[in-house]
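Here is what each chain is made of, one letter per residue.
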Amino acid sequence: MQEFFPVRRPVLALLLCAGPAAWAQVPATYPAHPIKFVVNSSAGASVDTMTRLIGAQLSASLKQPVVVENRPGASGTIGADAVAKSSADGYTALVGVTSLIQTPYLIPRLPYDIFKDLSPVLMLARGANIVVVPADSPVNTLQEFVSMVKANPGKHNYGTYGNGTTAHIFGDSFNRQAGMDLVHVPFKSSSQMLAAVIGGQLSAGFPDAASALPQVAAGKLKALAITGNQRYKAIANVPTFAEAGFKGFELYGWYGVFVPAGTPRANIDKLSAEIAHIVRTPEVASRFEDLGLFVTATGPDAFAAEMRADSQVWGRAIRAGNIRAE
């Protein structure tokens, strides 16, 4: 009679004689126990929202619990460092954003190297930043905003969600390229900054699209331009920076999944394929679009190459503006 045991009879006999230590060397099917996603931001942030959405779907498809742990602080380095020092087995993953490749230029002597200690699994999505002004602002275009600022030196400012963030880097580049004297006002979050723009305490804000779109749709803010190389469907009348006459704003912020370096490639590929399938489903892709994001589902190798290329561009902009993190 044919036998269907996963281990052939002679090997099985040896294992029975050898005891538990030999059994431990038999590879288990990945994943064999719960997976933990570390999010390097606080609960409620867009990256946290998407991680929990993906986690619920992933748990169902892999038939293993998926735990989400928030580890915010120190410009995202706390969560990244925790994952970089975790076991390289595919059971602990980081869900992070573009700051991972910006931070090395902002904070000296990091306790990890993003390119050596973490391995990309998947780029989930890209997102843009938007220049917004109060609803009652007299300007309606980016060029009108520049003209207003230049005509009133020392009187205007712009807000971001923190020193050394993507918003700050873009805002500083815009300020210098346009020859303006805007004062940078950093906040702890996009929501705080947007409240100040809506209330008229700021001349402009540079939020991420995910945070700004609901306020723009509600008529509380006016959007003047968006970063990246394509317009957003939700605000199709708002031009890109390039269309408005400014170069160097084509880069997108991204959201990605990482595991410790040294994780078996088979586990990385399995996790990458499962998550890619989830984010491409109409349900999840639609939720991402509601958050102002473009689903990319870029695999490990292509993601790694893009990270290295983008890192050089961000580095030049950070050095040009002499930007520092908080």
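The rules behind each value
- Residues numbered from 1 in each chain as written.
- Predicted model: local features only at pLDDT ≥ 70, side-chain atom pairs only at ≥ 80, totals over all residues.
- Heavy atoms only, no water.
- Buried < 20%, exposed > 50% of the residue type's maximum accessible area, 1.4 Å probe, protein only.
- Helix = DSSP H or I, 4+ residues; strand = E, 2+ residues; numbered from the N terminus.
- Arc of directions from axis to C-beta.
- Contact = heavy atoms within 4.5 Å.
- 1 Å grid on protein atoms, 1.4 Å probe; cavity = no way out; pocket = protein on both sides within 12 Å on 5 of 7 lines; lining within 4 Å.
- Points joined across faces, edges and corners; volume = space filled by probe spheres on them.
- Pairing = 2+ DSSP bridges.
- Axes fitted to C-alpha atoms, helices over the stretch in contact; angles between N-to-C directions.

J.: Would you take a moment to explain helix α9 (residues 190–198) for this structure?
T.: Each full turn of the α-helix corresponds to 3.6 residues, which orients residues three or four apart in the same direction. Those residues of α9 not exposed but buried are Ser190, Met193, Leu194, Ala196 and Val197. Within α9, the buried residues cover an arc of 155 degrees as seen down the axis, which keeps them to one side. Packing partners of the buried residues in α9 comprise β5 (130–134), β6 (157–160), β8 (204–205), α10 (209–217) and β9 (221–226). Where α9 ends, the next residue or the one after it, Gly200, has phi of about 85 degrees, a positive value.

J.: I keep staring at empty space enclosed by the protein and nothing clicks. Help me out?
T.: Regions of empty space are outlined by a rolling probe, equal in size to a water molecule, passed over the atoms. Taken as a whole, this structure holds one cavity of 30 Å³ or more when the rule is applied. Lining the largest cavity we find Val131, Phe145, Tyr158, Gly171, Phe174, Asn175, Leu182, Ala204, Gly205 and Phe206. Of all the elements in the fold, those that place two or more residues in the lining of the largest cavity are α8 (166–178) and β8. No other element matches the three residues that α8 contributes to the lining of the largest cavity.

J.: In this structure, what is going on with the sheet that holds strand β1 (residues 35–39)? I would like to understand it.
T.: The pairing of strands in a sheet happens through backbone hydrogen bonds and is either parallel or antiparallel. The strand order β2-β1-β3-β10-β4-β11 describes an open sheet built from six strands, whose pairing is mixed. Edge positions in the sheet fall to β2 (66–70) and β11 (293–298), since each has one partner strand and no second. Strand after strand, the sheet turns through a mean of 25 degrees between neighbouring axes, direction not considered. Relative to β11, strand β4 (residues 118–127) runs antiparallel, the two being bridged by four bridges. Looking at the pairing, Gly127 lines up with Leu293 of β11. Across the sheet, helix α3 (residues 46–62) is in contact with β1, β2, β3 (92–97), β4, β10 (253–260) and β11; its angle to β2 comes to roughly 165 degrees. Along the sheet, helix α4 (residues 77–84) contacts β1, β3, β4 and β10; its crossing angle with β3, the most-contacted strand, is approximately 150 degrees.

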